[in-house]
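Chain by chain, the residues:
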Amino acid sequence: MTVEKLNRQRVLHLLDAISRSDLEAALSCCTDDVDFLTHAPIDVLPHMGPCHGKQELGEFWRTVQERYADIRYEVPQIVAEGDAVAAYLRVFFRKRSNDRIIQVDMAMFYTFRNGQVAQIREIIDSYDLVQQVLEREIGPLIVGERVDGA
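Please read all numbers here as calculations on a predicted model, not as lab measurements. Within each chain, residues carry numbers counting from 1 in the order of the written sequence. Where totals are concerned, whole chains, interfaces and linings use all residues; where local detail is concerned, this predicted model gives features only for residues with pLDDT of at least 70, and gives and counts side-chain atom pairs only at 80 or more. For side-chain calculations, the full set of non-hydrogen atoms in the structure is used, while hydrogens and water are omitted.

Trainee: Run through the state of the cysteines, naming residues and quoting values.
Mentor: By convention in this document, the label disulfide applies to cysteine sulfur atom pairs within 2.5 Å. Taken as a whole, this structure holds zero disulfides when the rule is applied. Counting only cysteine sulfurs, cysteine 30 is the nearest neighbor of cysteine 29, a cysteine outside any disulfide, at a range of 6.2 Å. The class of cysteine 29 is buried, set by a relative accessible area of 12%. With a 1.4 Å probe rolled over the protein chains alone, any residue whose accessible area is under 20% of its type maximum counts as buried; one over 50% counts as exposed, and the rest are partly exposed.

Shown next, in the form of structure tokens:
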């Protein structure tokens, strides 16, 4: 099996472990010094800040699982080249607080070292994500309009 096919399978295994809430299995896919960065507004979603190492990444994934249930991934496209894998994901989260479904499209980039994920980069439509998490339109807030009817 080529390294590309193997790394592609490793990413799918990692996503499967996360969706099963098996954080131990997910973290075992990563190097001890794994580096995670997502492009999201951390002032609104502070748990989505940069993570360095398994402990911080595990805390991030635990926070996500505390807030959301039934995490499910669709992988419409995944491409591997050497130790790099890029995946277009559609992710579904069910909010524990009210069962509302959040759907987010992401571009994920994984870099492998010695068969483990050493780096994860995540690009999300953060505008859409924030609106779904807050359950309200944020456009008026951005342009300075009042949204309380006053």
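Trainee: For the sheet that holds strand S2 (residues 51-52), give the residues involved together with the corresponding values.
Mentor: If you walk across this open sheet you meet the six strands as S2-S1-S6-S5-S4-S3, and the pairing is mixed. Because the sheet does not close on itself, it has two edges, and the strands there are S2 and strand S3 (68-81). Here, two residues are considered to be in contact whenever any of their heavy atoms come within 4.5 Å of each other. What counts as an axis is a line fitted to C-alpha atoms, over the stretch in contact for a helix, and the angles between N-to-C directions run from 0 to 180 degrees. Under the scheme used here, helices are H or I runs from DSSP no shorter than 4 residues and strands are E runs no shorter than 2 residues, and both carry numbers assigned from the N terminus. Helix H1 (residues 3-19) rests against S3, strand S4 (84-95), strand S5 (101-113) and strand S6 (116-124) of the sheet, and its axis sits at about 170° to S3. Each of strand S1 (30-39), S2, S3, S4 and S6 touches helix H3 (residues 54-67); the most contacted strand, S1, lies at about 55° to it. Criterion used throughout: strands pair if DSSP finds at least two bridges between them.

Trainee: Explain the nonpolar core to me, using residue names and the numbers behind them.
Mentor: The term nonpolar core refers to a set of buried residues drawn from Ala, Val, Leu, Ile, Met, Phe, Trp, Tyr and Cys, joined through side-chain atoms within 4.5 Å. If you look at the biggest cluster of nonpolar residues, it comprises 37 residues, and the most contacted ones within it are Leu57, Trp61, Phe93 and Tyr110. If you list the elements that add at least two residues to this core, you get H1, helix H2 (23-28), S1, H3, S3, S4, S5 and S6. Among the elements that take part in this core, S5 stands out by supplying six residues, more than any other. Not counting chain neighbours up to four residues away, the residues in contact with tyrosine 110 comprise Val11, Leu14, Leu15, Asp83, Ala84, Val85, Leu89, Val117, Gln119 and Ile120.

Trainee: How would you explain the packing of aromatic side chains if you had to name every residue and give the values?
Mentor: Centre distance and the angle of the planes are the two values used to describe a pair of aromatic rings. Centres within 6.5 Å are what make two rings of Phe, Tyr or Trp a pair, Trp counting through its six-membered ring; a difference in plane orientation under 30 degrees is then read as stacked, over 60 as edge-to-face, and the rest as tilted. Scanning the model with the defined rule gives two aromatic pairs in all. With centroids separated by 5.3 Å and ring planes inclined at 55°, the aromatic side chains of tyrosine 68 and phenylalanine 93 adopt a geometry described as tilted. Of this pair, tyrosine 68 sits in strand S3 while phenylalanine 93 sits in strand S4, and the two are 25 residues apart along the sequence. Across the pair, phenylalanine 93 and tyrosine 68 agree in class, each one buried. We call a charge positioned above a ring when the Lys NZ or Arg CZ atom is no farther than 6 Å from the ring centre and deviates by at most 35 degrees from the ring normal. One cation-aromatic arrangement involves arginine 72 over phenylalanine 92; the distance from NZ or CZ to the ring centre is 4.1 Å.

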